[in-house]
Every structure is written in structure tokens, then in C-alpha cells.
Amino acid sequence: MAGALILRRLLQIAVTTAILSLCAFLLIGLMPGDPIDLAIAGDPRLSAADAARMRALHGLDQPLLARYLAWAQSVLGGNFGHSRLFAQPVSALLGPALLSTLELLGLALLLALGAGVGLGALAALRPRWSGPVQALALAAQAVPTFWLGLLLIILFAVTLGWLPAGGAEGGWRFLLLPVVTLAFANLAAYTRHSAAALRSALAEPHIRTARAKGASEARVLWRHAWPNAAIPVVAVAALDAGALVSGALVTETVFARPGMGKLIFDAVMGSDFNLALLALLVVAVVTMLATLAADLVQRWLDPRLA
Amino acid sequence: MKAGLILLGALVLAALAAPLAAAALGHDPFLPDLFNRFAPPSVEHPLGTDELGRDVLLRLLHGARVSLAVGLAAALAATVIGTTAGLLAAWKGGWMDAALMRLADGMLALPALPLLVILAALDPAAIGLPRGEALSDMIRIAGLLALFGWVGVARLVRAGALSVLARDFVRAARAMGVGEARILRRHVLPELATPIAIATALAVGGAVLAESTLSFLGLGIAPPAPSWGNMLANAQELAFQAPLVALWPGLAILLAVLGCNLVADAISRQRR
């Protein structure tokens, strides 16, 4: 049952990726200025004949669709080509960047989920705290991620000097501010949905039974109410995968972390469109796989869905 | 509702009052004054000056015009496209519904920002807009944001329209021989006013956030035209010299988005 679902979703992901790659390739191809134009701009000794020969050599004189097919064939064959900007094979750039982004994403997701569920439980159990928690969620929803990052840099790196302002020499000191920034920007939905879900779960009759049996409040909350409340929270995680990844890309740019976001941004700024396109496709596939994973967790939690 | 409307109203008034404030203070927010860089807040410059000696308050007010206009335009365009698509999907059903909803699913599954970054970097001349002018930047960015914003509206409208179309009064109208176009316009659309209003309010906030992010990255509204996002573009390098310059534009974005979300929340609560 789950196997068929996974198969169908993987097929969907493949189709979406193919359509996205075609659209992006055509859009980029419509732009004036190909790599040969850039080469001419860089070296005035190149003549028009040289340019024409180079175009023919690299297949740039072919129609756009033929170029796309050739490109897709080589990518599917495992050859991602070369980055003009970094003078390296694209595959060598994507690997480390993806790992760095996944590290940031994973830690931020854990922190956002943990803090969101904790705050949600606080709001659900203690009505006095419901107002402040709601206000915090509203602020988290409205704050621009990059501005929060800037403020944290100004406070902790510039004014207090406790943490580095950016980069990624490794170690938790370089991860702390980006992870907190990204987690806070994605906190709102988890907080609100866990508060609402816990509130309705705690109103169920089986909770009164558990209390009557003498179960402690903590046990009632985490053993009896939370398993049911977790389902909508995981559903939110699936829905928010795209927002989380988008936030990660902004966070990386603000903190100058070498990850997928910085790679895409640098590639776009440096007109290295092969790199930008492939990085975009990798990010899209990762997002869709994350959504699929969250959906599978949801089905595992909720047998009614399976 | 009140808090959100007051917040948004104050921001819109401030945006409208930008030329008045410029006249009252007697500076030009576009004119560099290099002898007056990073001036601290004073009577003359209530929020101080930026790295080119321009008045921060006046640039903030002018930025409000750009940022709010882009946010509103993008949200309205997204609402029009989304409402049309949602109604069409619900009413026509079949392959039209399947095609529109698969497209919406596909777009929702993708992370919007990297796509926006690549699309925003495309040459505006390729789609017939002049380069480097503030107005064409604004149209370009609003269009791009609408391209992604319609999806949420379309899904809400489709879900609402499906339930309205199955109701008895629609069947009664059909039985009376009312035309399909009139049924959609007069019977279905008014029933959907609430979800559409909520979706629009949320879309304005989302568009203001997205515009500021793109402009911060240098891909949105290009200077010298101020937007809340591009006022922050240099804030990172200036963090040591002028940390306060980074404060105000972000606060303005926060308040604008907060206002939109509060209004959306209030509308949905009123309904219940």
C-alpha cells in the first residue's frame, strides 16, 4: 500500500522536475547573451568567426529544444557539466553545498518543531500563557528572515562579539545564529497547530479516563494527547517544506554560509546558468522528497490515512 | 480586526504623506549629502541619515509607497488569477480541474524563493519592459509574485465554489434558466467573499515579505528608488558603523505583514 504510494509520488516528483527543468531551460535560453557573448566581452581579440566556430563547437547554434534535449541527456547520464563561475565540475560543487544546507535545514526543523510543540503545549495547558504564545507566533510569522538574521548578527556578532557573523569554518558557533534565525522564521505554524491540536486532543473523553486512572499530567499530555495531536503538526511540516527551504536559502545568504542558497545566488549573479539550473533542480527535488517523507510519517501516525 | 486595520491604515497614510513630510523637513530623500553620512537622529533628521547622507525617515516613507504598492498589486493580481482559476476548476471539473490543480500542486511543492531568484534575474527587456526604471521594476516584481501567489487563492476558491455549486439555490437558479456566467457571478462569487478576502489579505503580507527579500538580495526594486528591502541591502556591511540603519526598514516590513495577518485572522474569526 505504502509502496504503491511511494512509487506514485516518486513518479510525480520526476515529472515535476522534468517540466521544471524544461521551463527553466527555455526561459534562460530566451535571454540575450550566451556564454560565447560573455567570452567575447572578456577577450576583445576574439573575432566573429571565432565566436561562430565556438558556438558550433558547443552546440549553441542549435535550436533551443535540441539544446535542452542534449543537456537533459547528459545530465541523466550523470554528466552535470562545468561551472564557468567556479571553474569546477558542477557535481563537485553541489555535493558539499547540499550537505551544508541539509545540516542547517535539519537542525532548524528540529529546533522549530521542538520549540513550537513546547510553546503549543504551554498555550494549551496554561490559558494564562496562551496570549503571549499567540503574540510570539504572530511576530514569528511576520518577521522577515533576512532582517532577523541581520539583527542577530548586529547583536551577537557586532555588539557583544560572542559569535561569528558568518561563514562556516565548522563547529556549532557558526551554526547557532543561522539555525536560530531559520527556526524562528518557521516557528509560527508549528506553535499554532500544536496548540490547537493539543487543545482539541485534551478535550477528548479518553483523556478524562486517563486522569481518572491517576495518570500524571505529563503522562496525560505526552502519552495520551500528543500522539493524536502530532498528526496535524506533521501535516504542517509537509506543507511548509518549501517555505523552510526558501528560508534556508535566505539565511545562508545573510550569514555567508556556502550552501545551496548561496550557490544559486552566486550562480545567478555571475550568469552561470548551468550551475543555477542544476542547483535549482536539486533544491526542488530535496523539497519534494522532504514533503513525501513528512506525508509518510503522517500516514504512519494516522492509520486512518493508510 | 481593529488592530490590523489601524496598523495598515497608519502605514498607508504614512506612505501617502511622504511628499508632505519631505516638504516639512525640507530635504530631498534622493539627493546624497556626503558631508552628513550616518548623522544621528536629530530634529532635522528624526531617524538620522544613511550611508549617502539621505534622510532615513523620508526614504522609509517613500519605501512604503514602493513596497506597499508592489504588495497590493501582486496580491490583487494573484487574487484575480486565483479566483478565475479556482472558479473555472470547480465549475468545469473534468480535465480542466485536473490540469489546474496538478499545476497548483506542482507549484506548491516547489520552494518559491530559488525560482523567484532565477526569474527575477532574467532580463526584463526579454518580456518587453524597459530596464532599470523603478516603475518597470515594480511591475516586474509584482508580476513575478502574482505568478506564485495565485495558487493559494485558487485552492481556497475551488474548495468553496465546489460546495456552493452543489447547494440547492444554485440548482434552483439553474432550473429557472439562469445562465452559467450569471450563476457564477451572482450566486457563487458573493458566497466566496470571505475566503477570497482572507486569501487576499494573506497574499498582501506574503508579497510584501517576498518583495523585501528579493530587493534585499539585489534582485527586486533597484536603487536609487527606495524599497524596504533594498534599504537593508547594505545594512550588512554597515553593521559596524550604523547598526540603527538596519532597524527601521525591517520594523516597517514586520508591521505591514503583521497588519495583513491580523486582518486575515479577524475576518476568519468573524465568520465563525
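The structure displayed is predicted, hence computed values, not measured ones.

Chemist: Please clarify how the overall build of chain B should be interpreted in this entry.
Modeler: When you go through chain B residue by residue, the secondary structure sums to ten helices and zero strands. From first element to last, N terminus to C terminus, chain B shows the α and β order α-α-α-α-α-α-α-α-α-α. A burial count over chain B gives 52% of its 272 residues as buried. Here chain B has roughly 12,300 Å² of accessible surface; of this, 68% comes from carbon and sulfur atoms.

Chemist: Is there a simple way to explain the overall build of chain A in this structure?
Modeler: When you go through chain A residue by residue, the secondary structure sums to 14 helices and two strands. The C-alpha atoms of chain A give 24 Å as radius of gyration, which overshoots the globular expectation for 306 residues (19 Å, by more than 25%). Expressed as lengths along the three principal axes of its C-alpha atoms, the size of chain A is roughly 90 × 55 × 30 Å. In chain A, which comprises 306 residues, the share counted as buried stands at 45%. In chain A, the proportion of contacts linking residues at least 24 apart, taken out of those at least 6 apart, comes to 73%. A total accessible area of about 15,000 Å² is found for chain A, and carbon and sulfur atoms account for 68% of it.

Chemist: What exactly am I supposed to notice about the interface of chain A and chain B here?
Modeler: Interface size is commonly expressed as the accessible area that is lost once the parts come together. Between chain A and chain B, the residue contacts involve 38 residues of the former and 38 residues of the latter. In total, chain A and chain B occlude about 3,300 Å² of area from one another, counting both sides; carbon and sulfur atoms represent 83% of this. Where chain A meets chain B, there are one salt bridge. Here Arg192 of chain A makes a salt bridge to Asp265 of chain B, at a shortest N to O gap of 3.1 Å. At the surface where chain A touches chain B, the tally comes to three residue pairs in polar contact (both at pLDDT 80 or more). Only helix 1 (2–30), helix 6 (127–142), helix 7 (145–159), helix 12 (241–254), helix 13 (260–269) and helix 14 (273–301) of chain A provide two or more residues apiece to the side of chain A that touches chain B. When grouped by side-chain class, the residues that make up the side of chain A that touches chain B number 31 nonpolar, six polar and one charged.

Chemist: Looking at this structure, how should I read the side chain of Gln298 of chain A?
Modeler: Residue and element names in this part refer to chain A. Following the sequence through the fold, Gln298 ends up in helix 14. By relative accessible area, which is 15% here, Gln298 ends up buried. When sequence neighbours within four positions are dropped, the list of residues in contact with Gln298 reads Ile231, Val234, Ala235 and Leu305.

Chemist: Just to check I follow, could you spell out the packing of aromatic side chains for this structure?
Modeler: When we look at a pair of aromatic rings, we describe it by the centre distance and by the angle of the planes. All chains considered together, the criterion is met by five aromatic pairs over all chains. Where Phe146 of chain A meets Phe216 of chain B, the ring centres are 4.4 Å apart and the plane angle is 20°; that geometry is what we call stacked. In this pair, Phe146 of chain A sits in helix 7 while Phe216 of chain B sits in helix 9 (residues 193–216), so the two residues belong to two different chains. Among the residues examined, Phe216 of chain B registers a relative accessible area of 8% and is labelled buried. For the ring pair Trp222 of chain A and Trp226 of chain A, a centre distance of 6.1 Å and an interplane angle of 75° mean the geometry is edge-to-face. Remark: Trp226 of chain A and Trp222 of chain A occur in helix 11 (residues 217–239); sequence separation between them is four residues, near one turn of the helix. Classification of Trp222 of chain A as partly exposed rests on a relative accessible area of 39%. Ring pairing ties together the aromatic residues Phe25, Tyr68 and Trp71 of chain A, which thus form one cluster.

Chemist: Help me out: how do you make sense of a nonpolar patch on the surface in this one?
Modeler: A cluster of nonpolar residues, Leu11, Val15 and Ile19 of chain A, forms a patch on the protein surface that exposes about 290 Å² of accessible area. The residue Val15 of chain A is located in helix 1 in this model.

Chemist: Explanation requested: the packing of helix 12 of chain A against helix 13 of chain A in the structure shown.
Modeler: Pairs of packed helices are described in terms of their axes, by the angle between the two and the distance that separates them. Residue and element names in this part refer to chain A. Two elements in contact, helix 12 and helix 13, have axes whose closest approach is 7 Å; the angle formed by their N-to-C orientations is 75°. By the angle between their axes, helix 12 is roughly perpendicular relative to helix 13. For the pair helix 12 and helix 13, contact is made by Leu249, Glu252 and Thr253 and by Met260, Gly261, Lys262, Ile264 and Phe265, respectively. Within the contact of helix 12 with helix 13, the residues separate by chemical class into four nonpolar, two polar and two charged.

Chemist: What is the right way to read the UniProt feature "transmembrane region" (unreviewed entry) in chain A from this model?
Modeler: Residues and elements named next belong to chain A. As recorded in UniProt, the sites labelled "transmembrane region" (unreviewed entry) are residues 12–31, 104–125, 146–165, 171–190, 229–255 and 275–297. What you have in residues 104–125 is 100% helix and 0% strand, and the ends, taken at the C-alpha atoms, are 31 Å apart. Segment residues 275–297 splits into 100% helix and 0% strand. End C-alpha atoms: 33 Å apart.

Chemist: How should the domain arrangement of chain A be read in this particular structure?
Modeler: Residues and elements named next belong to chain A. We note that the domain assignment places domain 1 (2–86) and domain 2 (91–305) within chain A. Taking only C-alpha atoms into account, the centre of domain 1 sits 34 Å from that of domain 2. Listed per partner, the contact involves 23 residues of domain 1 and 25 residues of domain 2. Taking both sides of the interface into account, the surface hidden between domain 1 and domain 2 amounts to around 2,100 Å²; carbon and sulfur atoms contribute 78%. Taken together, the links from domain 1 to domain 2 amount to one salt bridge. Ionic pairing is found between Asp295 and Arg9, a salt bridge with its closest N-O pair at 2.9 Å. At the surface where domain 1 touches domain 2, the tally comes to two residue pairs in polar contact (both at pLDDT 80 or more). With twelve residues, helix 1 is the single largest residue contributor to the side of domain 1 that touches domain 2. Tallied by class, residues from the side of domain 1 that touches domain 2 come to 15 nonpolar, six polar and two charged.

Chemist: I'm lost on the pattern of salt bridges in this one. Help?
Modeler: In a structure, side chains of opposite charge can pair up when their charged atoms sit close to one another. Residue and element names in this part refer to chain B. Tallied over the entire structure, the rule returns 13 salt bridges over all chains. With its nearest N and O atoms 2.7 Å apart, the salt bridge here joins Arg174 to Glu180. Given the relative accessible area of 36%, Arg174 is considered partly exposed. Because the salt bridges share partners, they merge into one network encompassing Arg102, Asp105 and Arg155.

Rules behind the numbers
Residues numbered from 1 in each chain as written. Chains lettered and ligands numbered in written order. Predicted model: local features only at pLDDT ≥ 70, side-chain atom pairs only at ≥ 80, totals over all residues. Heavy atoms only, no water. Helix = DSSP H or I, 4+ residues; strand = E, 2+ residues; numbered from the N terminus. Buried < 20%, exposed > 50% of the residue type's maximum accessible area, 1.4 Å probe, protein only. Areas by Shrake-Rupley, 256 points an atom, 1.4 Å probe, with all protein chains shown as cover. Rg over C-alpha atoms; globule rule 2.2 N^0.38 Å. Contact = heavy atoms within 4.5 Å. Buried area = accessible area lost by both parts, 1.4 Å probe. Salt bridge = Lys/Arg side-chain N within 4 Å of Asp/Glu carboxyl O. Polar contact = N/O pair within 3.5 Å; in protein donor to acceptor, adjacent residues only side chain to side chain. Nonpolar A, V, L, I, M, F, W, Y, C, P; charged D, E, K, R; others polar. Phe/Tyr/Trp six-rings, centres within 6.5 Å; stacked < 30°, edge-to-face > 60°. Patch = residues over 30% accessible without salt bridge, like charges linked within 9 Å, V, L, I, M, F, W, Y side chains within 5 Å. Axes fitted to C-alpha atoms, helices over the stretch in contact; angles between N-to-C directions. Parallel < 35°, antiparallel > 145°, perpendicular 65-115°, else oblique. UniProt positions renumbered as here; feature names shortened; annotations may be inferred. Domains from an automatic or database assignment.

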